[in-house]
Amino acid sequence: THCVSGCVCPHNQVLDGKGGCIAPEHCPCVHNGNFYNPGESIRVGCNNCTCRNRKWHCSQEPCLETCSVYGDGHYTTFDGKRFDFEGDCGYVLIQNSCGQQGTNQGTFRVITENIPCGTTGTTCSKSIKLFMDVSIFLNNCTPGLMAPGGTMPFQIRTMGIYRVVDTSNGLILMWDGKTSIFIKLSPSFQGHVCGLCGNYDGNGNNDFTTRSQSVVENVLEFANSWKVSSSCPNANRMKDACTANPYRKAWAQKQCSIITSSVFAKCHSQIEPNEYYQACVEDACACDTGGDCECFCTAVAAYAQACNELDICISWRTPSICPLFCDYYN
């Protein structure tokens, strides 16, 4: 139906933005700047949403929350708390045996082994250990297993660039074989875990809970409390890699500007890009021992993964920027 003189619609109709008039229930819904017609569905997190009568109607499935670690010690807890920590040791990312749970010995624990990946003291996660009924060691070689026998409570598969461990208790671990780790955890564990990934209680303000169950403000005090071996020295300061390697700063800023460019425009309104950009610059400055591409690509991929979690898929890799050989990965 066309609008009448002066683009005024008849009674009970509204403008459709294209010079016509439609009934209100035929209006589209909007998600991430895109318009969807009535009856169309999208996936948001783990839920399906359908456009009806100008509103999204979504299923209410409980979604797994994600803790991420990437590059030169950039952490985001289950409750969305971001922090940086550079420690050269093994650290507990998550476990469900915490100080206030009495005799509960816990059923799982994930440890990251951090090693130096530059001359400035910067560290990156290079291997992962998952302890359950069996022990799973992930490194750049074949995963190692130590098991007492019987049915395995997990499966290991490959998904794109990630090695994925699916467990039977609601924990999923994704690792790119380099420096990026994503841990997804079932809501059934809310408030019952601890470690560098926080306590998963919906409140990011108390995520800095030490091994002794004290809530602290200082990142170093919090993170050092979760080291696995007491023989490891405490990390005692945060280093500025671009100050230590000033000759790399301009190159790092130019490379990392892809995060704030139009390439990721669809994601900017949903996830603030500047923190990811700054982390990218720091990592690109820090990796001065031959890991230029690995550190830069990991940092950009972390932002792309965060966008993907919100169903915003960005095609950012090119033959000259962090290419992947699809035939190999397929």
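Residues numbered from 1 in each chain as written. Predicted model: local features only at pLDDT ≥ 70, side-chain atom pairs only at ≥ 80, totals over all residues. Heavy atoms only, no water.

Draft legend 1. Quick peek at the packing of helix 3 (residues 249-256) against helix 5 (residues 274-286). For the pair helix 3 and helix 5, the least separation of the axes is 8 Å and the interaxial angle reads 140°. Between helix 3 and helix 5, the angle is such that the two are oblique. As for how helix 3 packs across helix 5, the hand of that crossing is right-handed. Here Lys249, Trp251, Ala252, Gln253 and Cys256 of helix 3 lie close against helix 5, whose contacting residues are Tyr277, Cys280, Val281, Ala284 and Cys285. For the contact of helix 3 with helix 5, a count of residues per class yields eight nonpolar, one polar and one charged. (Axes fitted to C-alpha atoms, helices over the stretch in contact; angles between N-to-C directions. Helix = DSSP H or I, 4+ residues; strand = E, 2+ residues; numbered from the N terminus. Parallel < 35°, antiparallel > 145°, perpendicular 65-115°, else oblique. Left-handed = near helix turned anticlockwise from the far one by under 90°. Contact = heavy atoms within 4.5 Å. Nonpolar A, V, L, I, M, F, W, Y, C, P; charged D, E, K, R; others polar.)

Draft legend 2. Quick look at unusual backbone geometry. Unlike most non-glycine residues, Asn53 shows phi in positive territory, near 55°. Along the chain, Asn53 falls in the loop between strand 6 (47-52) and strand 7 (55-58). A residue is classified by how much of its surface remains accessible, and Asn53, at 45% relative accessible area, is partly exposed. At Cys322, a position not held by glycine, the phi torsion is positive, near 50°. Relative to the helices and strands, Cys322 is located in the loop between helix 6 (292-309) and helix 7 (326-329). (Buried < 20%, exposed > 50% of the residue type's maximum accessible area, 1.4 Å probe, protein only.)

Draft legend 3. Quick look at the nonpolar core. Core analysis: the biggest nonpolar cluster contains 40 residues, and Leu93, Ile94, Val110, Ile183 and Leu185 have the highest contact counts within it. Those elements giving two or more residues to this core turn out to be strand 8 (65-70), strand 11 (90-95), strand 12 (109-116), strand 13 (123-131), strand 18 (171-175), strand 19 (181-185) and helix 1 (219-224). With four residues, strand 11 is the single largest residue contributor to this core. (Core = buried A, V, L, I, M, F, W, Y, C linked by side-chain atoms within 4.5 Å.)

Draft legend 4. Highlighting the side chain of Thr167. In this structure, Thr167 sits in strand 17 (residues 162-167). Overall, the relative accessible area of 14% leaves Thr167 in the buried class. One polar contact links Thr167 to Asn169, side chain to side chain, over a distance of 2.5 Å. At a separation of 2.7 Å, a polar atom in the side chain of Thr167 contacts the main-chain carbonyl oxygen of Leu171. (Polar contact = N/O pair within 3.5 Å; in protein donor to acceptor, adjacent residues only side chain to side chain.)

Draft legend 5. Quick peek at the sheet that holds strand 7. Reading across from one edge, 5-6-7 is the order of the three strands in this open sheet, with antiparallel pairing throughout. Each edge of the open sheet carries a strand with a single partner, namely strand 5 (41-44) and strand 7. Looking at each pair of strands side by side, their axes are set apart by 35° on average, direction ignored. Of the pairings in the sheet, the one linking strand 5 to strand 6 comprises four bridges and is antiparallel in character. Bridge pairing in strand 6 links Ile42 to Cys49. (Pairing = 2+ DSSP bridges.)

Draft legend 6. Here's a closer look at the pairing of strand 8. The buried fraction of strand 8 amounts to five of the six residues, a majority that puts the element mostly inside the structure. Sheet analysis places strand 8 next to strand 19, joined by five bridges and oriented antiparallel. When the sheet's bridge partners are listed, Thr66 is paired in strand 19 with Lys184. Note: strand 8 against strand 9 (residues 74-76), three bridges, orientation antiparallel. Its bridge partner being in strand 9, Ser68 is matched across the sheet by Thr76.

Draft legend 7. Representation of the pattern of salt bridges in the model. Under the definition given, this model contains four salt bridges. Across the pair Lys129 and Glu113 runs a salt bridge, and its minimum N-O distance is 3.4 Å. Of this pair, Lys129 sits in strand 13 while Glu113 sits in strand 12, and the two are 16 residues apart along the sequence. Among the residues examined, Lys129 registers a relative accessible area of 27% and is labelled partly exposed. In this structure Glu113 comes out as partly exposed when scored by relative accessible area, which is 25%. The salt bridge partner of Lys184 is Glu309, with a shortest N-O separation of 2.6 Å. Placement of the pair is Lys184 in strand 19 and Glu309 in helix 6, with a sequence separation of 125 residues. When its relative accessible area of 15% is taken as the criterion, Lys184 is described as buried. (Salt bridge = Lys/Arg side-chain N within 4 Å of Asp/Glu carboxyl O.)

Draft legend 8. Examining the packing of aromatic side chains more closely. All chains considered together, the criterion is met by 12 aromatic pairs. Relative to Tyr303, the ring of Phe264 lies with its centre 5.2 Å away and its plane at 55°, an arrangement referred to as tilted. Note that Phe264 is positioned in the loop between helix 3 and helix 4 (265-268) and Tyr303 in helix 6, a separation of 39 residues in sequence. The pair Phe264 / Tyr303 is uniform in exposure class, with both members buried. It is Lys81 that lies over the ring of Phe208; its NZ or CZ is 4.9 Å from the centre. (Phe/Tyr/Trp six-rings, centres within 6.5 Å; stacked < 30°, edge-to-face > 60°. Lys NZ or Arg CZ within 6 Å of the ring centre and 35° of its normal.)

Don't take any of this as a statement about function, it's just geometry.
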